[in-house]
Amino acid sequence: GARSWVRLSLVINLSRWMQHEVMSKSPLKGIESVVINNPVAPSASTSPGVRDFLFVGRLTHEKGIRLLLEAWAMAETDWTLHIGGEGPLAGEVIQAARPLPRIEYHGTVSADKVAQLRHRTAVACVPALWDEPFGLVIAEGYASGQAVNATRHGAFPEIVREDLGELLDDDPASWAKALSTHTHLKNDTLAAIAHWDIFFSPSHVDEAYDTILQKLL
């Protein structure tokens, strides 16, 4: 009940976006809060490919797979789009891959397979259409040394570094332009991994929690 909130001395949020949404629009308003991102384990591969795009996730509308497929149909690129995952829109992905060039659908992918795909691809695509409170797949992309293209929803604007990718609107034309022009850019693998290390590595998150616990004790 509401009285249980009174006993809280601190609320930890996964992002500034979540902090604002939760703290300003709930009974938690007024309680001290901090932001500590989710930890993301080191990648099995820190040498991404020099070309090609990767989408990994549930094949649903809110994850933006339709947006990505529409954009791919408009893009002018000789790179390949690799797609890994399952979901209710898997049939649409399979159908789209037939007439559209350079789409490889890998179906359900294990963690080892995802690491292999990140090793083969240069850019992670995260076209989500809902407000995600963190953005795990973005941080995983940086841990692998990839650039990241993502929409502007939820916490994405604070997680994506635009010199290591691009924040895009929800329309296929914006994504098609980004997919067409990224082939001319060079990824900064070391900067991407450094970004992960500073903000999302387990050691950084452990240190942040230790600091908070010391203050509370």
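Caption draft 1: Just the pairing of strand 3 (residues 53-56), in detail. Alignment of strand 3 against strand 4 (residues 81-84), held across 4 bridges, turns out to be parallel. The residue bridging Phe-55 from the neighbouring strand is Ile-83, located in strand 4. Sheet topology places strand 3 next to strand 6 (residues 123-126); 2 bridges connect them, and they run parallel. If you follow Phe-53 over to strand 6, its bridge partner there is Val-123.

Caption draft 2: The arrangement of the pattern of salt bridges in detail. Summed over the entire model, instances satisfying the criterion amount to 7 salt bridges. A salt bridge links Arg-51 to Asp-52; its shortest N-O distance comes to 3.1 Å. Salt-bridge contacts for Arg-161 lead to Asp-163; the nearest nitrogen and oxygen are separated by 2.5 Å. On the accessibility criterion, Arg-161 (31% relative accessible area) is partly exposed.

Caption draft 3: Local environment of the packing of aromatic side chains. Counting across every chain of the model gives 4 aromatic pairs. Centre to centre, the rings of Phe-134 and Phe-200 are 5.8 Å apart; their planes meet at 70°, and the pair counts as edge-to-face. A residue pair is termed long-range when its members are at least 10 positions apart, and Phe-134 in the loop between strand 6 and helix 6 (136-143) and Phe-200 in the loop between helix 9 (189-199) and helix 10 (202-216) qualify at 66 residues. Exposure remark for Phe-134: the relative accessible area of 3% places this residue in the buried category. What links up through ring pairs into an aromatic cluster is the set Phe-53, Trp-72 and Trp-79.

Caption draft 4: Spatial organisation of the packing of helix 3 (residues 65-74) against helix 4 (residues 90-97). It is at 11 Å that the axes of helix 3 and helix 4 come closest, and there the two elements cross at 10°. Classed by the angle they form, the pair helix 3 and helix 4 counts as roughly parallel. Taken together, the residues of helix 4 that come into contact with helix 3 (itself represented by Ile-65, Arg-66 and Leu-69) are Glu-92, Val-93 and Ala-96. Its residues placed into classes, the contact of helix 3 with helix 4 shows 4 nonpolar, no polar and 2 charged.

Caption draft 5: Structural detail: unusual backbone geometry. The backbone of Asp-52 sits at a positive phi, close to 85°, despite the residue not being glycine. Examined against the element boundaries, Asp-52 turns out to sit in the loop between strand 2 (33-35) and strand 3.

Caption draft 6: Just helix 9, in detail. Buried within helix 9 we find Ala-191, Ala-192, Ile-193, His-195 and Trp-196. Against helix 6, helix 7 (156-159) and helix 10 lie the buried residues of helix 9.

Caption draft 7: Fine view of the environment of Ala-44. Counting through the fold element by element, Ala-44 comes out in the loop between strand 2 and strand 3. Judged by relative accessible area, which is 73%, Ala-44 ranks as exposed. Measuring from C-alpha to C-alpha, the distance between Ala-44 and Tyr-209 comes to 25 Å, with 165 residues separating the pair along the chain.

Caption draft 8: Inspection of the pairing of strand 4 at higher detail. Neither face of strand 4 is open: one carries Leu-81 and Ile-83, the other His-82 and Gly-84, and all of them are buried. Handedness of the β-α-β unit built from strand 3, helix 3 and strand 4 comes out right-handed. Sheet topology places strand 4 next to strand 5 (residues 103-105); 3 bridges connect them, and they run parallel. Pairing of Leu-81 across the sheet is with Ile-103, part of strand 5. Remark: the strand 4/helix 4/strand 5 crossover connection has right-handed handedness.

Basis of the calculations
Residues numbered from 1 in each chain as written. Predicted model: local features only at pLDDT ≥ 70, side-chain atom pairs only at ≥ 80, totals over all residues. Heavy atoms only, no water. Pairing = 2+ DSSP bridges. Helix = DSSP H or I, 4+ residues; strand = E, 2+ residues; numbered from the N terminus. Salt bridge = Lys/Arg side-chain N within 4 Å of Asp/Glu carboxyl O. Buried < 20%, exposed > 50% of the residue type's maximum accessible area, 1.4 Å probe, protein only. Phe/Tyr/Trp six-rings, centres within 6.5 Å; stacked < 30°, edge-to-face > 60°. Axes fitted to C-alpha atoms, helices over the stretch in contact; angles between N-to-C directions. Parallel < 35°, antiparallel > 145°, perpendicular 65-115°, else oblique. Contact = heavy atoms within 4.5 Å. Nonpolar A, V, L, I, M, F, W, Y, C, P; charged D, E, K, R; others polar. Right-handed = clockwise from strand over helix to strand, strands pointing away.

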